[in-house]
Amino acid sequence: MRLDKFLCDMQLGTRSQVKAYIKKGTVSVNGTVVKNFDFKLDENNDIVTYLDKVLTYQNLYYYMLHKPAGVVTATKDTQESTVMDLLSDAPGKNLFPIGRLDKDTEGLLLITNDGELAHNLLSPKKHVPKTYFAACMGILTLQKIKLLENGVDIGDTELTHPAHVKLLSQEADTYHIELTITEGRFHQVKRMIAAIDGSVTYLKRISMGGLCLDAALPKGAYRPLNEKEIYDLKQLNNTR
Ligand code: URA
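Residues numbered from 1 in each chain as written. Predicted model: local features only at pLDDT ≥ 70, side-chain atom pairs only at ≥ 80, totals over all residues. Heavy atoms only, no water.

(A) Quick look at the environment of Thr201. Summarising the element assignment, Thr201 is placed in strand β11 (residues 199-208). Residue Thr201 is classed as exposed on the basis of its relative accessible area, which comes to 55%. The sequence separation of Thr201 and Lys190 amounts to 11 residues, and the corresponding C-alpha distance is 9.1 Å. Apart from the residues within four sequence positions on either side, Thr201 is in contact with Ala135, Cys136 and Met137. (Helix = DSSP H or I, 4+ residues; strand = E, 2+ residues; numbered from the N terminus. Buried < 20%, exposed > 50% of the residue type's maximum accessible area, 1.4 Å probe, protein only. Contact = heavy atoms within 4.5 Å.)

(B) Quick peek at the pattern of salt bridges. Evaluated as defined, the whole model comprises 16 salt bridges. Linking Asp9 and Lys5 is a salt bridge whose minimum nitrogen-to-oxygen distance equals 2.9 Å. Of the two residues, Asp9 and Lys5 are both situated in helix α1 (residues 3-9); the distance of 4 residues between them amounts to about one turn of the helix. Exposure remark for Asp9: the relative accessible area of 9% places this residue in the buried category. (Salt bridge = Lys/Arg side-chain N within 4 Å of Asp/Glu carboxyl O.)

(C) Molecular detail of the site of the ligand. Taken together, the residues surrounding the ligand are Leu101, Asp102, Thr105, Tyr132, His187, Gln188, Val189, Lys190 and Leu203. Here an oxygen atom of the ligand and a backbone polar atom of His187 are 3.2 Å apart. Within the backbone of Val189, an N or O atom sits 3.1 Å from a nitrogen atom of the ligand. Computed on the free molecule, the ligand has an accessible area of 240 Å², of which 95% lies beneath the protein chains in the complex. (Near = heavy atom within 4 Å. Polar contact = N/O pair within 3.5 Å; in protein donor to acceptor, adjacent residues only side chain to side chain. Areas by Shrake-Rupley, 256 points an atom, 1.4 Å probe, with all protein chains shown as cover.)

(D) Highlighting the sheet that holds strand β1 (residues 27-29). Pairing is antiparallel across the open sheet formed by 4 strands, whose spatial order is β2-β1-β3-β4. In this open sheet, the two edge strands, each paired with only one partner strand, are β2 (32-33) and β4 (53-55). Relative to β4, strand β3 (residues 48-50) is paired through 3 bridges, and the arrangement is antiparallel. Looking across to β4, one finds that Thr49 is bridged to Val54. (Pairing = 2+ DSSP bridges.)

Here is the structure:
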């Protein structure tokens, strides 16, 4: 890899800015100052420093966003704020959300530029579990729980796949559940609840593929995934 590309990938600046840093003699490779920006290096083994700070190569980035209601899950939108506006200062090129949450849905949204991981997590064949907390209007009978668990008709050609329902509370005509599904159909949770004569008044994704929304992450904030979290998400794909 060329030195200037390496430094750009590391978010040190634009191509012309990093070329200027290199010319100034602020960049070293394996302890030697390098002043030609097309110097070829081995990004995984050579030690590159900028102003004596070691730069460890990273071109794939992984973030957990606590999506608030009111922003759309898109990379660009001419009218609305998007989830990507909340990561405008996050390192990483070509970041995008893995899947989508409705504008009024809150909770865990993964953002990355790792197309392979995104593809695997979204593949219908992988059955990646996603758990939602839902506040609903209606009365959730045992029969309705069974329907959700076995598969309901939401107007598609196939019933929904088996889901897991945890009833948290039922008071008068409102109830709270945690619903775990392994598909990602459009408005799936809302349509599943509508299919049993209820309606969702609040929806939050609390986990995806075993990764839980960090309770310390305020709404609208993001943080990088740690190495174990990234490893676990990748493993999930290998074993399915
Ligand atoms: N199901 C929905 O209905 N909405 C979401 O945002 C996610 C799952």
